[in-house]
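Topology and contacts: notes
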Amino acid sequence: MGYSLRICHLYPDLMNLYGDRGNVMVLRQRALWRGIGVEIINVSLGDRTDLAECDIIFVGGGQDKEQSLICHDFRMVKGSSLAEAIEADAAVLAICGGYQLLGQKYLTHTGEEMPGLGVIDVWTRGGTRRLIGNVVIQSDLDGSDQTLVGFENHSGQTFLGSGVRPLGRVISGNGNNGQDRTEGAVYRNTVGTYLHGSLLPKNPWLADWLLTQALQRKYGEVELAALDDELEESAHRAALRRAGSQ
Ligand code: GLN
């Protein structure tokens, strides 16, 4: 039996900062290289797609303006099927503004309160300075010691509750809030992070972790074939050097 995955790209027209779209391209290509079929569905404002039918869900970052445009739709139209997907272990990657809206709430620096979906135990408040720059974190998400490289640009400071664990520990950069050296959050197979980049082209192990979770949930024990990641690894190493971490 051939494997296939349905990937949902949420709000591709509104939440797409610093090449976030590249994450979906990487998931698709790394699946196709292994002979895994891929269907990508773009889901935006007003669309009532059943997200619980998707294997992988991606939402990118957006500034406060875009977040306030999608906030109501995110909770009221997508909310219940997205929460269902997350609780049923779909693989989800949410970047920056999308990450913030999966949490309890986002209090912007202008005093607006944007309620989040509340499906992951984090909350965010807008700070007075922007946290900008290259980031390196250390993560054991896939059971080994890995690094992730990316680029952050946010004023929101995110704090983790007891229901999530951090994606990693900040080696350089700010991460969730510039204070506690945590970066991102993990709940079930959902990963929230501030790392743009795009993230996955330079961190292929995370792309493979997402693909593996999605395939195992659908088909049981699955091992991904190895790929030649020489270019990806050299981009990763260049980002580490730029951040002064190697
Ligand atoms: N508007 C949010 C912030 O500045 C998210 C920005 C982003 O997605 N890069 O915190």
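Everything discussed here concerns the structure shown above.
Residues numbered from 1 in each chain as written. Predicted model: local features only at pLDDT ≥ 70, side-chain atom pairs only at ≥ 80, totals over all residues. Heavy atoms only, no water.

**Focus: the site of the ligand**
- Asp-64, Gln-67, Cys-96, Gly-97 and Gly-156 are the nearest of the 16 residues found near the ligand.
- Separating a nitrogen atom of the ligand from a side-chain N or O atom of Asp-64 is a distance of 2.5 Å.
- The separation between an oxygen atom of the ligand and a polar side-chain atom of Arg-130 is 3.2 Å.
- Here the ligand loses 100% of its free accessible area of 300 Å² to cover by the protein chains.
- Going through the elements one at a time, helix 2 (64-87), helix 3 (97-102) and strand 8 (146-160) are the ones with two or more residues in the shell around the ligand.
- No other element matches strand 8, which puts four residues into the shell around the ligand.
- Residues of the shell around the ligand, tallied by class, amount to three nonpolar, 11 polar and two charged. (Near = heavy atom within 4 Å. Polar contact = N/O pair within 3.5 Å; in protein donor to acceptor, adjacent residues only side chain to side chain. Areas by Shrake-Rupley, 256 points an atom, 1.4 Å probe, with all protein chains shown as cover. Helix = DSSP H or I, 4+ residues; strand = E, 2+ residues; numbered from the N terminus. Nonpolar A, V, L, I, M, F, W, Y, C, P; charged D, E, K, R; others polar.)

**Details of the sheet that holds strand 1 (residues 4-10)**
- Pairing in this open sheet of six strands is mixed, and the strands run 2-1-3-4-12-11 from one edge to the other. Bordering the open sheet on either side are strand 2 (37-43) and strand 11 (185-187), each of which pairs with just one other strand. Each adjacent strand pair in this sheet contributes to an overall mean axis angle of 15 degrees, direction not counted.
- Of the strand pairs in this sheet, strand 3 (residues 56-59) and strand 4 (residues 91-95) are connected by four bridges, and their pairing is parallel. Considered in strand 4, the bridge of Val-59 is made with Ala-94.
- Across the sheet, helix 2 is in contact with strand 1, strand 2, strand 3, strand 4, strand 11 and strand 12 (190-193); its angle to strand 1 comes to roughly 145 degrees.
- Of the strands in this sheet, strand 1, strand 3, strand 4 and strand 12 are in contact with helix 5 (residues 204-219), which crosses strand 1 at around 125 degrees. (Pairing = 2+ DSSP bridges. Axes fitted to C-alpha atoms, helices over the stretch in contact; angles between N-to-C directions. Contact = heavy atoms within 4.5 Å.)

**Quick word on the packing of helix 1 (residues 21-32) against helix 5**
- Two numbers describe how helix 1 lies on helix 5: the axes approach to 10 Å, and their chain directions differ by 70 degrees. In terms of orientation, helix 1 and helix 5 fall into the roughly perpendicular class. On helix 5, the residues that touch Val-26, Leu-27, Arg-30 and Ala-31 of helix 1 are Pro-204, Ala-207, Asp-208, Leu-210 and Leu-211.
- Partitioning the contact of helix 1 with helix 5 into residue classes produces seven nonpolar, no polar and two charged. (Parallel < 35°, antiparallel > 145°, perpendicular 65-115°, else oblique.)

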